[in-house]
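# Chain and residue survey
Residues per chain, in single letters:
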Amino acid sequence: MPRRPRRRGAPPPPPGGGGGGPPPPRGGAAPPPPRLADIAAQSGVSEATVSRVLNGKAGVAGATRHKVLAALDVLGYERPVRLKRRSAGLVGLVVPELTNPIFPAFAQVVEQVLAGHGYTPVLCTQMPGGATEDELVEQLVERGVAGIVFLSGLHADASADPARYARLSARGVPYVLINGYNEHIDANFVSPDDRAAARMAVRHLVELGHERIGLAIGPTRYVPSRRKAEGFAAELYELLGIERADAERFIRPTLFGVEGGHAAADILLREGCTGIVCASDLMALGVIRAVRARGLEVPDDVSVVGFDDSPLIAFTSPPLSTVRQPVQAMATAAVGALLEEIEGNPVQRTEFVFQPELVVRGSTAQPPGREPQVLS
């Protein structure tokens, strides 16, 4: 079949009809150029502003420019060559695993904020039998990263040697630590208020009429687990008068994940608990599985509260009541603190604590034969 002559002055089509934009219409015609109106609507700015960004003009705020570029990406258009900037450097992100959906949620925000400041994120994931945190850090340092973000790493493990972070500082590598505080590490920490999270979950269950409440947490060598246990016991004492020594029987350290939640629930249900607070949403799903295995129902017989408010957790059956980690705010603050270190303007090294939020859905209700309570 003979080739159709190309119009004089028209640019040649990209190889394979690609180019990163929307798929070409049927018949092989080239995709239409981006419409200013579409990009303006997607980014929430004026067409004039979109035009200035696409033409590389000055006078546009960085956040606004980022909105326009994000709109281009969402709509499937390739960015103009003039807008493709060089990376300001690599920043490592070390996470323990990706099977728990809260970790990808954190990673996504961290990567978005880093990219908005011109840095290229490098995601490093630990897994059983794979590289350790120390090995991943060594690889990142060898590649000349500008800094590292640690999410729920060894800094959260009270049994781990904190000297590894001092050695990293001595090598001139800035870093920030999310979820888990250690007073022996001179760095910036970003954490949710784990004590407050446990307290608000207990208060919610007591207000519904529950008096026998259990806690499923991870191993107590982890700082977030210890803090949740402290908040849980304090609220039981304040609201129900249960002494700390008596509260211990309702605190079940276990493995993180669905299986750990199931194992903890087996014990707590034998103790007669009608409400169970969990250290993660995945553990809460394990608790629900254990409840149903006994022929009981959630929330008719047992109420369950999770922690994290992971993506899609609102669509479980029943929708899970949980305590939400402020992922967006925490990740943004962590990157901000790290970039200040990288740029030579370090903020005061401390722990930045963010307040969680109780999200009530369908997995909690008043227990059979009990009336809700009004607490002061």
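Please read all numbers here as calculations on a predicted model, not as lab measurements. (Residues numbered from 1 in each chain as written. Predicted model: local features only at pLDDT ≥ 70, side-chain atom pairs only at ≥ 80, totals over all residues. Heavy atoms only, no water.)

Moving on, we get to the environment of Glu-230. Within the secondary structure layout, Glu-230 lies in helix α8 (residues 223-240). Taking the relative accessible area as the measure of exposure, Glu-230 reaches 34% and is therefore partly exposed. Between the C-alpha atom of Glu-230 and that of Ala-196, which follows or precedes it by 34 residues, the distance is 9.6 Å. Dropping the residues within four chain positions of it, Glu-230 is found in contact with Arg-195 and Arg-244. (Helix = DSSP H or I, 4+ residues; strand = E, 2+ residues; numbered from the N terminus. Buried < 20%, exposed > 50% of the residue type's maximum accessible area, 1.4 Å probe, protein only. Contact = heavy atoms within 4.5 Å.)

What follows is about the pattern of salt bridges. Counted by the stated rule, this structure contains 18 salt bridges. As a salt-bridge pair, Arg-221 and Asp-157 come within 3.0 Å of each other at their nearest N and O atoms. Of this pair, Arg-221 sits in the loop between β6 (213-217) and α8 while Asp-157 sits in the loop between β3 (147-151) and α6 (163-170), and the two are 64 residues apart along the sequence. Taking relative accessible area as the criterion, Arg-221 reaches 36% and is therefore assigned partly exposed. Salt-bridge contacts for Glu-235 lead to Arg-203; the nearest nitrogen and oxygen are separated by 3.2 Å. (Salt bridge = Lys/Arg side-chain N within 4 Å of Asp/Glu carboxyl O.)

This part takes up the pairing of β6. Most of β6 is tucked away, with five of its five residues classed as buried. Alternating residues of β6 divide into Ile-213, Leu-215 and Ile-217 and Gly-214 and Ala-216, and every residue in both groups is buried. Across four bridges, the pairing between β6 and strand β8 (residues 275-278) is parallel. Looking at β8, one finds that Ala-216 is bridged to Cys-278. Pairing between β6 and strand β7 (residues 251-253): three bridges, direction parallel. Across the sheet, the residue bridging to Leu-215 is Ile-251, located in β7. (Pairing = 2+ DSSP bridges.)

Another point: the environment of Asp-73. Looking at the secondary structure, you find Asp-73 in helix α3 (residues 62-75). For the pair Asp-73 and Ile-39, spaced 34 residues apart in the sequence, the C-alpha separation amounts to 9.8 Å.

With that settled, consider the sheet that holds strand β10 (residues 321-324). In space, the six strands of this open sheet follow the order β7-β6-β8-β9-β10-β12, with mixed pairing throughout. Each edge of the open sheet carries a strand with a single partner, namely β7 and β12 (357-359). Across the sheet, the axes of successive neighbouring strands diverge by a mean angle of 20°, strand direction being ignored. As defined by bridge partners, β10 adjoins β12 across three bridges and the pair is classed as antiparallel. (Axes fitted to C-alpha atoms, helices over the stretch in contact; angles between N-to-C directions.)

Let us now look at the pairing of β10. Along any regular strand, the residues point their side chains to alternate faces of the sheet. Across four bridges, strand β9 (residues 303-308) lies against β10 in parallel orientation. Residue pairing in the sheet places Val-305 in a bridge with Ser-321 of β10.

All right, on to the nonpolar core then. In terms of nonpolar packing, the biggest core is built from 42 residues, with Ile-213, Phe-232, Ile-276, Cys-278 and Val-304 touching the most fellow members. For this core, the secondary structure elements donating two or more residues are α7 (194-208), β6, α8, α10 (258-270), β8, α11 (281-293) and β9. If you tally residues by element for this core, the top one is α7, at seven residues. Setting aside residues no more than four positions away along its own chain, Val-304 makes contact with Ile-276, Cys-278, Ala-284, Val-287, Ile-288, Val-298, Leu-320, Ser-321, Ser-363 and Thr-364. Of all hydrophobic cores here, the second largest spans 25 residues; its members include Leu-93, Ile-102, Phe-103 and Ile-178. (Core = buried A, V, L, I, M, F, W, Y, C linked by side-chain atoms within 4.5 Å.)

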